[in-house]
Amino acid sequence: MIEVTELTKRFGRVTAVDGLTFTVRPGRVTGFLGPNGSGKSTTLRAILGLEAPDRGTALVGGLPYRDLRHPLHQVGALLDAGAVHPGRSARAHLMALAVAGRVGRRRVGEVLEQVGLGQVADQRAGGFSLGMRQRLGIAAALLGDPPVVMFDEPVNGLDPEGIRWVRQLMKSLAAEGRTVLVSSHLMSEMALTADHLVVIGRGRLIADTGVKAFLAEHGTGQVQVRSPARGSLAGVLREHGAGVEYQGSQELLVTGLTVDRIGDLAARNGLPVHELAARQASLEDVFMNLTRDSVEYQGMCDGN
Ligand SMILES: Nc1ncnc2c1ncn2[C@@H]1O[C@H](COP(=O)(O)OP(=O)(O)OP(=O)(O)O)[C@@H](O)[C@H]1O
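Note that this is a predicted model, so its numbers are computed, not measured.

(A) Broad picture of the site of the ligand. Around the ligand sit F11, V14, A16, G34, N36, G37, S38, G39, K40, S41, T42 and H185, and those are all the residues in its vicinity. Elements supplying a minimum of two residues to the shell around the ligand: β2 (14-24) and α1 (40-47). Looking at which element gives the most residues to the shell around the ligand, the answer is α1, with three residues. Of the residues contributing to the shell around the ligand, the split by class is three nonpolar, eight polar and one charged.

Here you go:
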């Protein structure tokens, strides 16, 4: 379990984290979501004892990081995949961490296999792609077999196969009963990976809620429709209460009606539709909506 309470961190005039309180529970993937610069990395660094808070606390398993007796066995983290000596092999990198963290050397081979780097374990990490470095960073996080893991933007730079692999790994770590916190600025990514969301903006808590509840509230507002008869279709949809915006040469962006309803209305009126898709609001759209009405912040925080 991770408990962040009233955490505040300032850098000069910038308040990177502002009175942030949330709890990350075991057995599920918690997405830590916020736009770039919203304070995610600073919060993760504070949890790992790498930033001293101006106020508040960040505890792992009930203790501040500095009081953990065997930190690698208690919390693993991927913060910056670039932080590897380029001249060292993946195996040597992990071996050095294992020795320093009092982890059995046997784990090195195990985690290398687990992240799919077994074949390249003795190659210099300097020649690794970003995706391979991410895998190496994840291997380092798992080295001490910790009950708590944190990953900062783990899918950055990964190819589609790598992204699927990370999603699956997060889910299986949570299914094993671990506490899993994954940061991202992409709501679409979190919708596929996380069970629960902690959403922040400008260092403050915006939502602490289930992914389904969050998406039901914010994620499915718009439908994209492509039709060679969009003028007539727009008329029909407006008659049924929809908000309609023109986009490109053949597209409509529709609010207020579901995909099914739009398809039915088009069919009933004999209007051709070439594409019909629910469009997930971007995180930026969601933030615009959320910041417009600060009362909503309170409503979304169920704390579970
Ligand atoms: N060491 C530092 N010195 C000065 N300002 C900092 C420092 N670290 C972070 N900040 C500032 O604090 C704010 C929050 O940054 P942070 O990196 O925590 O956000 P983030 O949500 O992780 O964003 P990103 O995904 O872009 O890293 C930003 O305005 C950033 O410029």
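This is not the end of the story, as more comes after the structure.
(B) Seen up close, the nonpolar core. Among the nonpolar cores identified, the biggest contains 63 residues, and L94, A139, L143 and L197 are the most heavily contacted of them. It is helix α5 (residues 130-142) that contributes the most residues to this core, seven residues altogether. Excluding residues that lie within four positions of it along the chain, L94 makes contacts with V108, V111, L112, A139, A140 and L143. If you look at the next biggest cluster of nonpolar residues, it comprises 10 residues, including L233, L237, V254 and I262.

(C) The sheet that holds strand β10 (residues 222-226), seen in detail. Ordered by their spatial adjacency, four strands build an open sheet running β11-β12-β10-β13, and the pairing between neighbours is antiparallel. Of all the strands in the sheet, just β11 (243-247) and β13 (275-279) have a single pairing partner and so form its edges. Strand-to-strand twist of the sheet, defined as the mean angle between neighbouring strand axes without regard to direction, takes the value 20 degrees. Direction of pairing for β10 relative to β13: antiparallel, over a ladder of five bridges. If you follow V223 over to β13, its bridge partner there is A278. Along the sheet, helix α9 (residues 230-239) makes contact with β10, β11 and β12 (251-255), crossing β12 at roughly 10 degrees. Packing against the sheet, helix α10 (residues 259-268) makes contact with β10, β12 and β13, and its axis sits at approximately 160 degrees to β13.

(D) Layout of the environment of L253. Its location among the elements puts L253 in strand β12. On the basis of neighbour counts, which here come to 16 C-beta atoms within 10 Å, the residue L253 falls in the partly exposed class. For L253 and L7, which are 246 residues apart along the polypeptide, the C-alpha to C-alpha distance reads 40 Å. Residues contacting L253, with those up to four places away along its chain left out, are Q222, Q224, E245 and Q247.

Reading the values: the criteria
Residues numbered from 1 in each chain as written. Predicted model: local features only at pLDDT ≥ 70, side-chain atom pairs only at ≥ 80, totals over all residues. Near = placed C-beta within 6 Å. Helix = DSSP H or I, 4+ residues; strand = E, 2+ residues; numbered from the N terminus. Nonpolar A, V, L, I, M, F, W, Y, C, P; charged D, E, K, R; others polar. Core = buried A, V, L, I, M, F, W, Y, C linked by C-beta atoms within 7 Å. Buried ≥ 20, exposed ≤ 12 C-beta atoms within 10 Å, placed from the backbone. Contact = placed C-beta atoms within 7 Å. Pairing = 2+ DSSP bridges. Axes fitted to C-alpha atoms, helices over the stretch in contact; angles between N-to-C directions.

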